[in-house]
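Descriptive structure summary
Below, each chain spelled out in residue letters.
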Amino acid sequence: MLTDTIIRYVKKVYTNFATHVYDVPPRMLALLILIIIANLPFMGIPTHRLGIFTTANLIAILAVSWDLLVGRTGQISLGHALFYGVGAYATALLYKYLHWPWWTTIPLSIIAGVGVALIIGIPCLRFKGPYLALVTMAFPLAVVGFFYYYRDIFRGETGLSVKPIFAPPIVSYSQKPIANYYLSLALLTISSIIIYKVATSKTGIVFVSILDDELGSKACGINTTKYKLLSFAISGLFGSLAGAFAAHLTGSANPRYFIEKTALIPTEYSLIPIIATILGGIGTIYGPIVGTYLYYTLNNYVFEYVITGIDKPTRILFFMAIIIFLIVKWPRGIARTIVEKLEDLQEPREVEEILKEKAKSEETS
Amino acid sequence: MLEAIIISGIITGLIYALIALGFTLVYGISGIVNLTHGAFFVVGAYLYGILLNHIPKLIPQDLAYLTPTFAIVFSILLTGIIGSAFYRITLHQLLGEEVSILIASICACIVFHQIIFIAMGSLYAFSFTISPLVRGTIMIINTDVLTGKAVAALISLTSFIILGLYISRTKTGRAMKALSQDLEAAMLMGVSTEKLFMFTAGLSAGIGSLGGILYASTVTYGTASHMWMLGLALSFTVVVLGGLGSIKGSIFGGLILGFTQEAVMRIIPGAGVLQDSIPFIVVILALLIRPKGLFGKRIEME
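Residues numbered from 1 in each chain as written. Chains lettered and ligands numbered in written order. Predicted model: local features only at pLDDT ≥ 70, side-chain atom pairs only at ≥ 80, totals over all residues.

1. Quick look at the overall build of chain A
Counting its secondary structure elements, chain A contains 16 helices and 2 strands. Buried positions account for 42% of the 365 residues belonging to chain A. (Helix = DSSP H or I, 4+ residues; strand = E, 2+ residues; numbered from the N terminus. Buried ≥ 20, exposed ≤ 12 C-beta atoms within 10 Å, placed from the backbone.)

2. Comments concerning the overall build of chain B
Secondary structure summary: chain B contains 11 helices and 2 strands in total. Taken from the N to the C terminus, the helices and strands of chain B come in the order α-α-α-α-β-β-α-α-α-α-α-α-α. Computed over C-alpha atoms, the radius of gyration of chain B comes to 19 Å, within 12% of the 19 Å expected from 2.2 N^0.38 for 302 residues, which places it in the range of a compact globule. Counting only C-alpha atoms and orienting by the principal axes, one finds that chain B spans roughly 55 × 50 × 35 Å. Across the 302 residues of chain B, 53% fall into the buried class. Of the contacts formed within chain B by residues at least 6 apart in sequence, a portion of 78% connects residues at least 24 apart. (Rg over C-alpha atoms; globule rule 2.2 N^0.38 Å. Contact = placed C-beta atoms within 7 Å.)

3. Observations concerning unusual backbone geometry
Of note, the phi angle at A:H99 is positive, near 60°, even though the residue is not glycine. For A:H99, a count of 9 C-beta atoms within 10 Å translates into the label exposed.

4. Brief notes about the confidence of the model for chain B
Residues and elements named next belong to chain B. Considering every residue of chain B, the mean pLDDT works out to 82; 94% of them sit at 70 or more. Taken together, the stretch residues 298-302 has pLDDT below 50 and engages in 20 contacts with residues farther than four places along the chain or on a different chain. Interface confidence for the predicted complex, given as ipTM, is 0.80, next to a pTM of 0.80. (pLDDT = per-residue confidence, 0-100.)

5. Section: the nonpolar core
Inside soluble globular proteins, nonpolar side chains tend to come together where they are buried. By size, the foremost hydrophobic cluster in this structure holds 190 residues, and its most contacted members are B:V42, B:I103, B:C107 and B:V240. Considering every element that reaches this core, the biggest residue donor is helix α4 (residues 98-126) of chain B, with 15 residues. Excluding residues that lie within four positions of it along the chain, B:I103 makes contacts with A:I274, A:I275, A:I278 and A:I327. (Core = buried A, V, L, I, M, F, W, Y, C linked by C-beta atoms within 7 Å.)

6. Description of helix α5 (residues 102-124) of chain A
All names here are of chain A. Compared with an ideal rise of 1.5 Å per residue, which puts 23 residues at 33 Å, α5 spans 32 Å between its outermost C-alpha atoms and is within 8% of the ideal. Among the residues of α5, T105, I106, S109, I110, A112, G113, V114, V116, A117, I120, G121 and C124 are the ones counted as buried. Contacts made by the buried residues of α5 are with α4 (81-98), α6 (129-149) and α11 (224-250). (Expected span 1.5 Å × (residues − 1).)

7. Considering the pairing of strand β1 (residues 137-140) of chain B
All names here are of chain B. Bridge analysis of β1 against strand β2 (residues 143-146) gives 4 bridges, and the strand direction is antiparallel. Residue pairing for β2: T137 is matched across the bridge by L146. The antiparallel hairpin formed by β1 and β2 contains 2 residues in its connecting segment, where I141 sits at a positive phi of about 45°. (Pairing = 2+ DSSP bridges.)

8. Examining the packing of helix α5 (residues 147-169) of chain B against helix α8 (residues 193-218) of chain B
The angle between the axes and the distance between the axes are what describe a pair of packed helices. All names here are of chain B. Where α5 meets α8, the closest approach of the two axes is 9 Å, and the angle between their N-to-C directions is 165°. As summarised for this structure, α5 and α8 are arranged roughly antiparallel, according to the angle between their axes. You can see that α5 and α8 cross each other, and the crossing is left-handed. Contacts between α5 and α8 involve G148, K149, A152, I155, S156 and S159 from the former and L210, L214, S217 and T218 from the latter. Residue classes in the contact of α5 with α8 are distributed as 4 nonpolar, 5 polar and 1 charged. (Axes fitted to C-alpha atoms, helices over the stretch in contact; angles between N-to-C directions. Parallel < 35°, antiparallel > 145°, perpendicular 65-115°, else oblique. Left-handed = near helix turned anticlockwise from the far one by under 90°. Nonpolar A, V, L, I, M, F, W, Y, C, P; charged D, E, K, R; others polar.)

9. As for α4(A)
Residue and element names in this part refer to chain A. With 18 residues, α4 should cover 26 Å at 1.5 Å per step; its first-to-last C-alpha distance of 25 Å lies within 8% of that length. Counted residue by residue, α4 has 14 buried out of 18 residues, so it is predominantly covered. Note on α4: the residue one or two positions beyond its end, H99, has a positive phi of about 60°.

10. Let's talk about the interface of chain A and chain B
The interface of chain A with chain B comprises 37 residues on the first partner and 37 residues on the second. A per-element tally of the side of chain A that touches chain B places α6(A) first, with 12 residues. Looking at the side of chain A that touches chain B residue by residue, the class counts come to 33 nonpolar, 3 polar and 1 charged.

11. Remarks on the packing of α6(A) against helix α11 (residues 278-289) of chain B
As a packed pair, α6(A) and α11(B) sit with axes 9 Å apart at the nearest point and diverge in direction by 135°. In this view, α6(A) runs oblique relative to α11(B), as classed from their interaxial angle. The way α6(A) lies across α11(B) gives a crossing that is left-handed. Across from A:V135, A:A138, A:L141 and A:A142 in α6(A), the residues of α11(B) making contact are B:F280, B:I281, B:V283, B:I284 and B:L287. Split by residue class, the contact of α6(A) with α11(B) holds 9 nonpolar, no polar and no charged.

12. Things to note about the confidence of the model for chain A
Residues of chain A with pLDDT of at least 70 account for 89%, and the chain-wide mean is 81. Taken element by element, chain A is modelled with least confidence in helix α2 (residues 24-38) of chain A, mean pLDDT 71, and with most confidence in α11(A), mean pLDDT 90.

13. Comments concerning the environment of B:V151
Residue and element names in this part refer to chain B. As for its placement among the helices and strands, V151 is situated in helix α5. Each C-alpha atom, one on V151 and one on L133, is 7.5 Å from the other, the two residues being 18 residues apart in sequence. Those residues in contact with V151 that lie beyond four places of it in its chain are L133 and V134.

Next up, the structure:
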């Protein structure tokens, strides 16, 4: 009885709302999420814990770029950490050996990321389906071996240290996490808007056509090679952007950006964006962001503050089990399911009604 | 030098081929990339190690020499049951969602990793040495080879032959072959896909655990809870080299990988840190020449 009333009320509110703002769900949801995320520092989270959400923002960029490549173009990549690591190492090497400031090294590392994306994109054009997934998974693992082999240049396990962007002369020590957080949030907003624009543009439609039917789009005269490479390049651009800023915000670039080998905690940067995207909903732009936040809140807050008193392995065990459960329960993603449910709630309207409304609005104007 | 590379390459390659066999079998029959295989590689090795310590208490003294055999059989059976059950609970619901299956199975690997970590304690989780099947060394064409390793290679070869016979001679085997050739036609002929997929998942987990046992008993550091990554890396390198879904291909892929690894380790000084990267470099280079592997098809039996 009560639930019925609530559902009816929500339905009423939503239909009223939806009739007034055209194309509501994605945009309003995005705005709502942005408002909530932007207020996080004032929601009682201690400043020293904000670092988690700074990482979450950067990983969300990676996840969104992964979504463009996989969810939109259909090129399954399991080694997206390659771009993240290349971005981080490029900026760190330039800082370490040439002492350049961050605003010159980051653009250069983005160029490096795009270059790497093109270099691995060209051989990857030949692979399809599971082969592509397995080969892309191999790239970061193959690269990281050289980082250990040439220990003198890359400093092996410890990695290279990088000068943080926000150091005491610019921002006081206690304000540093907040500054980092807002910088990463700004980056996330800008990147996701750009990727959204790309995905909804003509190019984005071509990407989706490659996902749906590669042969068909070829038959329509689309140069699929060019568009696949373009997708790789855009994806590499944002991946390396996230990596470069991650190096500057955390202060180091180490092999863990590529892969965590003997880790107790699977902080694998190839894996987290994918888990996040699957959780949120693949092939959407808002999905990966929602998924990343869900992942980090679950991993760091729920299991550290809400459910306390269990050791780390048990925590990870339950966490991963929950993720498997969520994936099995909602294979299409949580955020997408919610958005689709909301769209279903919207009552179908008669054509006459819409015409009446239009006439009314014309009269008033 | 060359003899040493060839002999040890064949032996290592056969073990690698067995590790990859289960992976290729699942892809060939049910068409999914089941990365849980890496977890069963480790679970099998741990179960074997535990059973090796406990079985002598349960069986009469004069049967003590059969302990490794019992341990191998029981760990294969247990892993097979776990693998089959896990497949039915999760992956079977996701059939058709490629990326979701990949991620769910990687998450499952991490779950098994943590279960082992909790069950074994942090001491044994990082390194759990397993005694070799047979001790001592033998000489094969001027090369010293550990007897345990040679026996492991023999076991691997035998299991390939048994599997080949099983698939070509028995009813279930032929049903599996039919499924891999044409799913819908096989269903029309009365093959129960659900049961057969479950059986295949169990079989592949069992074979994976045998691979894990052989691998862990031939290396000095034994097994560790995070080694699912290694098992996965080895098996997918072999499989991609030989062609996904081809049993013949996994033998060739394993041998190629074995030769390359032995050659690099013996020729380049200080290549120890590169050991984990070699499979990936090999696979990238090889795929540039043949993008679908050597025998890239759905399953094929000789």
